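Here is how the chains run, residue by residue.
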Amino acid sequence: MEVRARAPGKIILAGEHAVVHGSAAVAASIDLYTYVSLRFPTPADNDETLTLQLKDVSLEFSWPVARIKEAFPNSETQIPPSSCSLETLKLIASLVDEHNIPEAKIGLAAGVTAFLWLFTSIHGCKPAKAVLSSELPLGSGLGSSAAFCVALSAAILALSDSVTMDFSHQGWQVFGENELELVNKWAFEGEKIIHGKPSGIDNTVSTYGNMIKFKSGALTRLKTNMPLKMLITNTKVGRNTKALVASVSERTLRHPTAMASVFTAVDSISSEVAAIIQSPVPDDLAITEKEEKLEELMEMNQGLLQCMGVSHASIETVFRTTLKYKLSSKLTGAGGGGCVLTLLPTLLSGTVVDKVIAELETCGFQCLLAGIGGNGVEILFSGTS
Ligand SMILES: Nc1ncnc2c1ncn2[C@@H]1O[C@H](COP(=O)(O)OP(=O)(O)OP(=O)(O)O)[C@@H](O)[C@H]1O
Ligand SMILES: C[C@@](O)(CCO)CC(=O)[O-]
Ligand SMILES: [Mg+2]
């Protein structure tokens, strides 16, 4: 039996980092996906290994099931989802270390560790092969780690006794509410291994899709009929979400009162963004007014992200370049490089869009226009298409 899962990446319209400290944030899924296919070998395959193939980085990790049992003999399936203890994390890390990941790609170790934790927690020590590939740039603020964890959790759960699935369904299918909740909880445990202290917004928007407001672990689904077009510029400056989240926490420890005010301001910005997006749009004039308000809020949010210390020279370059065309931008995701969002108003001419993209690309950046607010995680059983 083989299952495929796909989970979308995301953009954060307002509230990254502050959301880790209890403020509201607003996020939307984008139509770029991480795909996982998972299958158990048949007896004829005579395969006793657990394998993870990471196509984007051309690496494959494989362990004899007996080696996994030897490494953590007390492992047992964990239903409902639970956190990976420090002791187990060390045992899994020793299995990952056996693969001598090149130093330049060491960031991948956390993802491989998350895979081993998710798989063995749900299925125990069983042979299987997972193949993973993504349309998302890795470590760029578009939620690649969350899409990785959500797609893996969905595929692993779909072949488990924890969920009831319709194996005969043709094409991509969505989970029921209870199954989505389970996928999201497991994905959050995976994100914890990769990020250290995630708020849960990235795995939640990748699981449920569309547009969400997220505050202190609670999800509100946003209903909108406002057309929202964003240019996504990848500065291609590499960064690591775990380190950036930790740096904001350290700044908060040094300046608790000032940072509390910053987080409160971001909370108000996110609430206003959510309200604007949800209010009805009777005509073009109303759309233009709403877009102008969103642009101002994006600029304010970017200023506060600068206060948190997570902007970057490359992000400032995108900000200034787009401002020349009277367009507003803010970083999205953890910052420190990665991707920047620019609101493209409905009445903006295609010529201006082409010009701004051309100028950003001469700076060495990469621009993309992704669809916003599509479905969350979906699965497909083999034999259907
Ligand atoms: N397709 C993939 N193949 C292998 N590892 C992946 C893949 N996608 C994500 N990862 C894992 O996620 C890590 C990147 O996560 P990180 O949180 O730093 O960035 P991001 O999720 O893209 O950005 P943000 O958290 O700001 O949205 C990688 O180092 C790797 O461990
Ligand atoms: C920086 C952050 O706020 C968003 C990363 O996409 C981290 C998190 O919420 O887990
Ligand atoms: Mg991430």
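Before any of the text, the structure's been laid out above.
Cut-off values and rules
Residue positions are counted from 1 within each chain, in the order its sequence is given. As a convention, the first chain written is A and the first ligand written is 1, with the rest following in written order. Note on the predicted model: pLDDT of at least 70 is required for a residue's local features to be given, and 80 or more for side-chain atom pairs to be given and counted; whole-chain, interface and lining totals, by contrast, use all residues. The basis for every side-chain value is the complete set of non-hydrogen atoms in the structure, without hydrogens or water. By definition, any uninterrupted DSSP run of H or I lasting at least four residues is a helix, any uninterrupted run of E lasting at least two residues is a strand, and each is numbered from the N terminus. Burial classes: relative accessible area under 20% of the type maximum marks a residue as buried, over 50% as exposed, and values in between as partly exposed (1.4 Å probe, protein chains only). We call two residues contacting when some pair of their heavy atoms lies within 4.5 Å. Accessibility throughout is a Shrake-Rupley quantity obtained with a 1.4 Å probe, and a residue counts as covered only by protein chains that appear here. Note on geometry: axes are C-alpha line fits, over the in-contact stretch for helices, and angles between N-to-C directions span 0 to 180 degrees. Working rule for handedness: look at the near helix, and if it is turned counterclockwise from the far one by less than a right angle, call the crossing left-handed; if clockwise, right-handed. Ten residue types, Ala, Val, Leu, Ile, Met, Phe, Trp, Tyr, Cys and Pro, are classed as nonpolar, four, Asp, Glu, Lys and Arg, as charged, and the remainder, Gly among them, as polar. Residues enter patches when they are more than 30% accessible in relative terms and free of salt bridges; like-charged ones are connected within 9 Å and nonpolar ones (Val, Leu, Ile, Met, Phe, Trp, Tyr) within 5 Å. Salt bridge, as used here: a side-chain nitrogen of Lys or Arg that lies within 4 Å of a carboxyl oxygen of Asp or Glu. Under the convention used here, Asp and Glu are negative, Lys and Arg are positive, and both His and the chain ends fall outside the count. Note that the charge is assigned to NZ on lysines, CZ on arginines, CG on aspartates and CD on glutamates. Two N or O atoms count as a polar contact when they lie within 3.5 Å, although within protein this holds only if one can serve as hydrogen donor and the other as acceptor, and sequence-adjacent residues are included solely when both atoms are side-chain atoms.

Visitor: Which residues make up the overall build of the protein, and what values go with them?
Guide: When you go through the protein residue by residue, the secondary structure sums to 11 helices and 12 strands. The principal-axis extent of the C-alpha atoms belonging to the protein is close to 65 × 50 × 40 Å. With 385 residues in all, the protein has 55% of them scored as buried. Here the analysis covers contacts within the protein between residues at least 6 apart in sequence; of these, 77% occur between residues at least 24 apart. For the protein, the exposed area adds up to about 16,200 Å²; of that, 53% sits on carbon and sulfur atoms.

Visitor: Lay out the packing of helix α5 (residues 177-195) against helix α6 (residues 201-208) in plain terms, naming residues and giving numbers.
Guide: At their nearest, the axes of α5 and α6 sit 9 Å apart, and the two run at 145° to each other. Where α5 crosses over α6, the two elements pack in a sense that is right-handed. Of the residues in α6, those in contact with Glu177, Leu180, Glu181, Val183, Asn184, Ala187, Phe188, Glu191 and His195 of α5 are Asp202, Asn203, Thr204, Thr207 and Tyr208. The class makeup of the residues in the contact of α5 with α6 is five nonpolar, five polar and four charged.

Visitor: How would you sum up α6? Please name residues and give values.
Guide: With eight of eight residues buried, α6 is to be regarded as a mostly interior element. Listed in full, the buried residues belonging to α6 are Ile201, Asp202, Asn203, Thr204, Val205, Ser206, Thr207 and Tyr208. Turning to α6, the residues buried within the fold contact β1 (2-14), β2 (25-39), α4 (144-158), α5, β6 (211-215) and β7 (218-222). Positive backbone phi, approximately 70°, marks Gly209, located one or two places after α6.

Visitor: Could you give an account of a negative patch on the surface, naming the residues involved and the relevant values?
Guide: Judged by side-chain charge, Asp283, Asp284, Glu289 and Glu292 come together as a negatively charged surface patch. Mapped onto the secondary structure, Glu292 falls in helix α9 (residues 284-308). For Glu292, a relative accessible area of 48% gives the class partly exposed.

Visitor: I'd like a description of the side chain of Asn184, backed by residues and values.
Guide: Residue position: Asn184 is located in helix α5. Of note is the side chain of Asn184, whose polar atom sits 3.3 Å from the side chain of Thr204. Ignoring any residue separated from it by four or fewer positions in sequence, one finds Asn184 in contact with Asn203, Thr204, Thr207 and Tyr208.

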